[in-house]
Amino acid sequence: METLLVTGGAGFIGSNFVHFVRNHHPDTKLVVLDALTYAGNLSNIASLLRPAYSSSDKRVEFIHGSINDVELVDSIVQKVDAVVHFAAESHNDKAIVSPDIFFETNVMGTLTLLKAAQRYDVRFHHISTDEVYGDTDINSQELFTEDSPYKPSSPYAASKAASDHMVRAWTRTYGLKATISNCSNNFGAYQHIEKFIPRAITNALCGIPIKLYGDGLAMRDWIHVEDQCRAIWEILHNGRIGQTYLVSAQCVVNNKTVIDILCDIMRTQFDCDPCIQYVRDRAGADRRYALNPQKIRQELGWKPEHTQFSRELESVVRWYSSNEDWWKSEKSRVEEQYQILGQ
Ligand code: NAD
Ligand code: TDX
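As annotated in an unreviewed UniProt entry, the protein chain carries the name dTDP-glucose 4,6-dehydratase and comes from Alloscardovia theropitheci. According to the UniProt record, the Sequence similarities (unreviewed entry) comment for the protein chain reads "Belongs to the NAD(P)-dependent epimerase/dehydratase family. dTDP-glucose dehydratase subfamily." Word for word, the UniProt comment on the protein chain under Cofactor (unreviewed entry) is "NAD(+)".

Now the structure itself:
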């Protein structure tokens, strides 16, 4: 039986990946290592956790700890077949005001994991972002490829770019059996309400204006989180060692359009009358991301399944609307922090 270490498995994408593996590959054993920062929530995977009295080894084991803890990481990595590395500080607005923790977690934490994987010759899959390539003008048609130069513009993107370079260096220097995926903006259930789509939905549900940064015309390349999870599984099992794969559903839209779709859904189906407020833009804001997923489509036969963006947004609105317990207690803290930033 295969055992995977899932770092950051209580966060947004990590917890969706844990559910995906349990649903589609129930013979895989999962060990989740998560520090439960403000972004991690054990309730995301609580229903899947192995009860203490159970001897079944098919369930999910949870370990509360940090990827920066050298001894803990060593003791776990030596018992698994592969590391699937999600754990990170992931929010751009936070990185602008508090960059240090991004480099401690995303760079030094990745270093700790890489050294342990090297020590025990364990397969490593690193989850990264399209932001490492920087941005393009909103009128551009350019699509980033696996060969595009790295040009991160934000502290978060710089920390992820550094971690990608480290993974490649470990592959070449030490022969680590590693792959990397750089994915575009994910959306779906369990995404923290600091992020654009869940913040907009929960603002509308609370009667707070939806906040659009700058002119609202920045573009993002959206992908449903379940498509990202399936891509990661494919790369982990069928990807070529040493390779990078770009993951995108090629749904590139501007932020104002996303909000217009959301407002329409909320007005017609959720008895809400959202209003929009333009606020100051993020310092150094990236304008447009767009990836070319040809390599993963051709080599691994992966393609997105959740391609009806409006219909998928509708189900995300439904999820936040019926899971208020999951986010309500965090809402005022998150909005107070944004207020300090003028956003
Ligand atoms: P998230 O912020 O929702 O979750 C991060 C998780 O990592 C949390 O559970 C947190 O508790 C955990 N964590 C943080 N520091 C840790 C530490 N020191 N030790 C152990 N656990 C720690 O993030 P996400 O959106 O799920 O992103 C997951 C990964 O995917 C990240 O590497 C991110 O860079 C990448 N990514 C995200 C997106 C996106 O749109 N969300 C897109 C592309 C790539
Ligand atoms: O309230 C908001 N209003 C708004 O207009 C927020 C929170 C954001 N925005 C804008 C800024 C961006 O143009 O929406 C866009 C998306 O913002 P975020 O959700 O913060 O995502 P982004 O900065 O694009 O980064 C995301 O995708 C790449 C993830 O958070 C990263 O972890 C991932 O690597």
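Having seen the model, we can carry on.
K.L.:
Can you walk me through the overall build of the protein chain in this structure?
P.N.:
When you go through the protein chain residue by residue, the secondary structure sums to 11 helices and 12 strands. Taken along its principal axes, the extent of the C-alpha atoms in the protein chain is 55 × 50 × 40 Å. Going through the 343 residues of the protein chain one by one, you find that 55% of them count as buried. Pairs at least 24 residues apart make up 82% of the contacts formed inside the protein chain by residues separated by at least 6 positions. A total of about 14500 Å² of accessible surface is found on the protein chain, and carbon and sulfur atoms cover 48% of it. Taking the average location of the 35 positive side-chain charges in the protein chain and that of its 43 negative ones, the two points are 2 Å from each other.

K.L.:
Would you mind showing me how to read the site of ligand 1 here?
P.N.:
Close contacts around ligand 1 come from 29 residues, with Ile13, Asp34, Ser90, Tyr156 and Lys160 the closest. A distance of 2.9 Å separates an oxygen atom of ligand 1 from a polar atom in the backbone of Phe86. Protein contacts shield 95% of the accessible area of ligand 1, which totals 840 Å² for the unbound molecule. Mapped onto the shell around ligand 1, the elements with two or more residues apiece are α1 (12–24), β5 (123–129), α5 (155–174) and β7 (185–187). Among the residues making up the shell around ligand 1, the classes are represented as 13 nonpolar, 14 polar and 2 charged.

K.L.:
Teacher, can you tell me more about the layout of surface pockets here?
P.N.:
One water molecule sets the probe size; rolling that probe over the atoms shows where empty space is left. There is about 210 Å³ of room inside the second largest pocket. When contributions to the lining of the second largest pocket are tallied by element, the ones reaching two or more residues are α3 (92–97) and α11 (324–341). Element by element, the count of residues in the lining of the second largest pocket is highest for α11, at 5 residues. Classifying every residue of the lining of the second largest pocket by side-chain character gives 5 nonpolar, 3 polar and 4 charged.

K.L.:
Teacher, can you tell me more about the environment of Lys195 here?
P.N.:
Within the fold, Lys195 resides in the loop between β7 and α6 (196–206). The spatial distance from the C-alpha of Lys195 to the C-alpha of Asp215 is 18 Å, given a sequence separation of 20 residues. Apart from the residues lying within four places of it in its own chain, the contact partners of Lys195 are Ser90 and His91.

K.L.:
Looking at this structure, how should I read the environment of Arg280?
P.N.:
Among the structural elements, Arg280 can be located in the loop between β12 (276–279) and α9 (294–300). For Arg280 and Ile208, which are 72 residues apart along the polypeptide, the C-alpha to C-alpha distance reads 17 Å. If we ignore the near neighbours within four places in the chain, the residues touching Arg280 are Tyr213, Gly214, Leu341, Gly342 and Gln343. Of the polar contacts made by the side chain of Arg280, one reaches the backbone oxygen of Leu341; its length is 2.8 Å.

K.L.:
Please explain unusual backbone geometry as it appears in this structure.
P.N.:
With glycine set apart, most residues show a phi of negative sign, and most peptide bonds adopt trans. Positive phi, normally seen in glycine, also occurs at Leu36, with a value near 50°. Looking at where Leu36 falls in the secondary structure, it is placed in the loop between β2 (29–34) and β3 (60–64). Its identity is not glycine, yet Gln250 carries a phi of approximately 55°, on the positive side. Along the chain, Gln250 falls in the loop between β10 (244–247) and β11 (252–254). Taking the relative accessible area as the measure of exposure, Gln250 reaches 42% and is therefore partly exposed.

K.L.:
Is there a simple way to explain empty space enclosed by the protein in this structure?
P.N.:
Going through the model one piece at a time under the given rule, you end up with 2 cavities of 30 Å³ or more. Considering only enclosed or pocket space, the largest cavity measures out at about 60 Å³ in volume. Forming the boundary of the largest cavity are Asn92, Ile96, Glu131, Ser154, Arg220, Arg282, Ala283, Gly284, Ala285, Asp286 and Tyr289. Per-class residue counts for the lining of the largest cavity are 4 nonpolar, 3 polar and 4 charged. The calculated volume of the second largest cavity comes to roughly 40 Å³. At the level of elements, α4 (100–119), β5 and α5 are the ones that each hand at least two residues to the lining of the second largest cavity. Classifying every residue of the lining of the second largest cavity gives 3 nonpolar, 5 polar and 1 charged.

K.L.:
Help me understand the pairing of strand β9 (residues 219–224), please; the structure alone is not making it clear to me.
P.N.:
For a regular strand, side-chain orientation follows a simple rule: the groups alternate between the two sheet faces. For β9, the buried fraction is high: 6 of the 6 residues fall into the buried class. The two faces of β9 match: Met219, Asp221 and Ile223 on one face and Arg220, Trp222 and His224 on the other face are all buried. Judged from the 3 bridges that link them, β7 and β9 form a sheet pairing that is parallel. Opposite Asn186, over in β9, you have Ile223 as the bridge partner. Direction of pairing for β9 relative to β11: antiparallel, over a ladder of 3 bridges. Bridging from a neighbouring strand, Asp221 pairs with Val252 of β11.

So, how was this worked out
Residues numbered from 1 in each chain as written. Chains lettered and ligands numbered in written order. Predicted model: local features only at pLDDT ≥ 70, side-chain atom pairs only at ≥ 80, totals over all residues. Heavy atoms only, no water. UniProt positions renumbered as here; feature names shortened; annotations may be inferred. Helix = DSSP H or I, 4+ residues; strand = E, 2+ residues; numbered from the N terminus. Buried < 20%, exposed > 50% of the residue type's maximum accessible area, 1.4 Å probe, protein only. Contact = heavy atoms within 4.5 Å. Areas by Shrake-Rupley, 256 points an atom, 1.4 Å probe, with all protein chains shown as cover. Lys, Arg positive; Asp, Glu negative; His and termini not counted. Charge placed at Lys NZ, Arg CZ, Asp CG, Glu CD. Near = heavy atom within 4 Å. Polar contact = N/O pair within 3.5 Å; in protein donor to acceptor, adjacent residues only side chain to side chain. Nonpolar A, V, L, I, M, F, W, Y, C, P; charged D, E, K, R; others polar. 1 Å grid on protein atoms, 1.4 Å probe; cavity = no way out; pocket = protein on both sides within 12 Å on 5 of 7 lines; lining within 4 Å. Points joined across faces, edges and corners; volume = space filled by probe spheres on them. Pairing = 2+ DSSP bridges.

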